Amino acid sequence: MMFYGVSSSVSSSVSFVSWMRRTAAENNNNHGRRRATTTAQKKNLRREVVSSCGGSSRGLREERRRRSAHAKRREKKIEEFSSSPLWVAKAGSSANAESEFYAAQDARHKAFLVANELKKKKKVPKIVKRTVSALVLGVLAAFFLGFGGWLWVALIGLCAYASGTEYFELMSKVNEELPHPPPRWAAKWITACSVLLCVILHVSGGRSLPVTMAMVAAFSCAVAALISNEESHFIEFTTTLFGLFYCGFLPSFWIKLRAMSGIPLAIDRAGSIVSSWPLQLGGPTSWTLGVSITLMTVLCVVSADVGAYFSGKNFGKKFFGKKLTTISPNKTIEGAIGGGIFSIACSGICWYLLGIPEELWRTLIIGGFIYASSVFGDLLQSVMKRNAGVKDSGKFIPGHGGFLDRFDSYMFTGSVTYYLTLALIVGLNIRPKYFGA
């Protein structure tokens, strides 16, 4: 019995020793494999480093030196951080300094997020800014339109100045297609001449001949100065000429449009604004064709924007499934149709309420062309901003961006409405006061 116990214990010890030997052998084999694998990886890494260094031992030494310097810089930063007063204070005050340090980091991050949320809450929504800006601009425009004269000229001159400033700023950013924009002095000269055109037009009684002569003189002076430079480029001349036309000549038509008079309005329409205008403000006779046509043009552009926005938002790409143009991806065919309908409908309402003479269909045609010219001005401004690589032309109007972002639709509508009024309402053979051609 005793012999059996001793023999069993001996056999157990032998089996345990053999198991230990097998385990050690396996560990040695695994270590050898891992070592071989690590060595192979080191060789591969060495080959990659040598090939990246141009295959030279000198490049390999430089790579080793760079890595060594990087490791030393890292160790130095760790030492500086560990010796900082904040870390020393925390390490001395608590045994769990690392966890407290990260807790403080989390607390600062949460405070930063809370501050950002408070800023977002205090920030006025963009739609509120746009609405307030539009109301303020509408009230100011109505005030200047009602008084007319030099006040209206001053408003149009301010628009010409803002247009010229933003136009030449955009041209200076179009580097790919316009590598040689006009110099600063040329931009300032054309902007000043654009404002001067409005003054000349009003002083000359609305005649186009003095304005044309002033444009030719202004452009000739700019060309003479540009030619005198050693490095002059043709693109500078074309950009300068278009700036004078776009920022000076086109806005001046709003002065001619407002000054139209000599044609009686239809004040006998019941319920119209003109017929019921109070005597304290001048009565029905204080209204002129220029006031009615100018107000109708502005309201048609506003109605077109509103109609295009709601139609595009509710019905965009549901019927036609296409964009209006690749220039402005947000514009859809449905939105364009809705804007045209709103503009024509607004012109019909204005025909009745503002006492515009002649038949209704004439005014409806003008309303359709007002919308087409507003879309053309909007798309032209989109091309300028896309080539310049900017979203807004400036920061002139809060919530809208630059001046041209809001009034690009009005740049061509003044001239189009003026000539269509001459052709359809006044008659080409009649030249009343301030209708000078």
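Residues numbered from 1 in each chain as written. Predicted model: local features only at pLDDT ≥ 70, side-chain atom pairs only at ≥ 80, totals over all residues. Heavy atoms only, no water.

**As for the overall build of the protein chain**
Next, step 1: A count of helices and strands for the protein chain gives 14 helices and 0 strands.
Next, step 2: Considering only residue pairs separated by 6 or more positions, the protein chain has 67% of its internal contacts joining residues 24 or more positions apart.
Next, step 3: Roughly 26400 Å² of accessible area belongs to the protein chain as shown, and the carbon and sulfur atoms make up 65% of that amount. (Helix = DSSP H or I, 4+ residues; strand = E, 2+ residues; numbered from the N terminus. Contact = heavy atoms within 4.5 Å. Areas by Shrake-Rupley, 256 points an atom, 1.4 Å probe, with all protein chains shown as cover.)

**Focus: empty space enclosed by the protein**
Next, step 1: For the coordinates displayed, the defined rule picks out 1 cavity of 30 Å³ or more.
Next, step 2: Empty space within the largest cavity amounts to approximately 40 Å³.
Next, step 3: What lines the largest cavity is Leu201, Ser208, Val211, Phe249, Ser252, Phe253 and Lys256.
Next, step 4: Counting residues per element, the ones that place at least two in the lining of the largest cavity are helix H8 (208-227) and helix H9 (234-258).
Next, step 5: Among the residues making up the lining of the largest cavity, the classes are represented as 4 nonpolar, 2 polar and 1 charged. (1 Å grid on protein atoms, 1.4 Å probe; cavity = no way out; pocket = protein on both sides within 12 Å on 5 of 7 lines; lining within 4 Å. Points joined across faces, edges and corners; volume = space filled by probe spheres on them. Nonpolar A, V, L, I, M, F, W, Y, C, P; charged D, E, K, R; others polar.)

**A short note on the nonpolar core**
In a soluble, globular protein the nonpolar side chains are often hidden away together inside.
Next, step 1: Residues Trp152, Leu244, Tyr246 and Met296 are the most contacted members of the largest nonpolar core, which totals 68 residues.
Next, step 2: Per-element tally for this core: the top contributor is helix H6 (residues 149-171), with 11 residues.
Next, step 3: The contact partners of Trp152, leaving out residues within four places of it in the chain, are Ala141, Phe144, Leu145, Trp254, Ile255, Arg258 and Thr294. (Core = buried A, V, L, I, M, F, W, Y, C linked by side-chain atoms within 4.5 Å. Buried < 20%, exposed > 50% of the residue type's maximum accessible area, 1.4 Å probe, protein only.)

**Observations concerning the packing of aromatic side chains**
Next, step 1: Scanning all chains against the criterion turns up 19 aromatic pairs.
Next, step 2: Aromatic pair Tyr418 and Tyr419: ring centres 5.1 Å apart, planes at 75°, arrangement edge-to-face.
Next, step 3: Taken together, the ring pairs connect Tyr167, Phe168, Phe242, Phe245, Tyr246, Phe249, Phe253, Phe376, Phe412, Tyr418 and Tyr419 into an aromatic cluster. (Phe/Tyr/Trp six-rings, centres within 6.5 Å; stacked < 30°, edge-to-face > 60°.)

**Concerning H9**
Next, step 1: Taking 1.5 Å per residue, 25 residues should reach 36 Å; H9 reaches 37 Å between its end C-alpha atoms and fits that length.
Next, step 2: Phe245 marks the point of greatest bend in H9, at about 30°.
Next, step 3: In terms of burial, H9 is a largely internal element, 18 of the 25 residues being buried. (Expected span 1.5 Å × (residues − 1). Bend = angle between axes of the 7 residues up to and from the residue.)

**Some remarks on the environment of Gly149**
Next, step 1: With respect to the helices, strands and loops of the structure, Gly149 is situated in helix H6.
Next, step 2: For Gly149, a relative accessible area of 37% puts it in the partly exposed group.
Next, step 3: Along the primary structure Gly149 and His202 are separated by 53 residues, whereas in three dimensions their C-alpha atoms are 8.2 Å apart.

**Section: unusual backbone geometry**
Excluding glycine, residues mostly have negative phi values, and the peptide bonds linking residues are mostly trans.
Next, step 1: We note that Glu358 has phi near 70°; this positive angle belongs to a residue other than glycine.
Next, step 2: Its place among the elements puts Glu358 in the loop between helix H11 (333-353) and helix H12 (360-388).
Next, step 3: Take Glu358: its relative accessible area is 41%, and that puts it in the partly exposed class.

**Looking at the side chain of Ser347**
Next, step 1: Along the chain, the position of Ser347 falls in helix H11.
Next, step 2: With relative accessibility at 0%, the residue Ser347 sits in the buried group.
Next, step 3: Apart from the residues lying within four places of it in its own chain, the contact partners of Ser347 are Met296, Cys300, Thr363, Leu364 and Gly367.

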